[in-house]
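# Structure at a glance
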Amino acid sequence: MRGIKAVIPEKADQAANRKRKGRRGGRPVSHDPELYKQRNTAERCINRMKDWRGIAFRTDKTPDSYLAGLHLRGAILWLRSLPTRP
């Protein structure tokens with residue numbers, strides 16, 4: 001095994017099948033709600049970055065221009081997240 005922790009919770013039907021098998025079903029998957037929350041946040045951020053077509057389809061020709069696009073999109077998202085002053 002690689003020692004990678006499971007982050008996504010086990011589905012109810014998979015848990016039922018494992019329990020039905022008894023001793024041969026193996027150990028239940030451990031679930032860490034805090035890691036799951038962090039994973040969800042990271043996935044949402046990546047999806048918001050991919051809203052920009054150039055990043056989603058990787059149309060930039062060089063790694064430098066792609067990285068510059070990532071930085072620019074990250075800055076735009078950060079600026080939009082700041083509260084506006086009245």
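Conventions and cut-offs
Residues numbered from 1 in each chain as written. Predicted model: local features only at pLDDT ≥ 70, side-chain atom pairs only at ≥ 80, totals over all residues. Heavy atoms only, no water. Helix = DSSP H or I, 4+ residues; strand = E, 2+ residues; numbered from the N terminus. Rg over C-alpha atoms; globule rule 2.2 N^0.38 Å. Buried < 20%, exposed > 50% of the residue type's maximum accessible area, 1.4 Å probe, protein only. Patch = residues over 30% accessible without salt bridge, like charges linked within 9 Å, V, L, I, M, F, W, Y side chains within 5 Å. Areas by Shrake-Rupley, 256 points an atom, 1.4 Å probe, with all protein chains shown as cover. Salt bridge = Lys/Arg side-chain N within 4 Å of Asp/Glu carboxyl O. Contact = heavy atoms within 4.5 Å.

### Some points on the overall build of the protein
When you go through the protein residue by residue, the secondary structure sums to four helices and zero strands. Relative to a compact globule of 86 residues, whose C-alpha radius of gyration would be 12 Å, the protein shows 20 Å and is clearly more extended. Oriented by its inertia axes, the alpha-carbon framework of the protein measures out at about 55 × 40 × 20 Å. Among the 86 residues that make up the protein, the fraction classed as buried is 9%.

### Describing unusual backbone geometry
Positive phi, close to 55°, is recorded for arginine 58, a residue that is not glycine. Within the element layout of this structure, arginine 58 appears in the loop between helix 3 (53–56) and helix 4 (63–81). On the basis of relative accessibility, which here comes to 62%, the residue arginine 58 falls in the exposed class.

### Brief notes about a nonpolar patch on the surface
Together, Trp78, Leu79 and Leu82 line one region of the surface with nonpolar side chains, adding up to about 330 Å² of accessible area. By the element assignment, leucine 79 lies in helix 4. Residue class for leucine 79 comes out exposed when judged on its relative accessible area of 52%.

### Observations regarding the environment of valine 7
The topology assignment puts valine 7 in the segment before helix 1 (12–21). A residue is classified by how much of its surface remains accessible, and valine 7, at 19% relative accessible area, is buried. Sequence separation between valine 7 and arginine 39 is 32 residues, and the spatial gap between their C-alpha atoms is 7.9 Å. Residues within four places of valine 7 in sequence aside, it is in contact with His31, Asp32, Leu35, Tyr36 and Arg39.

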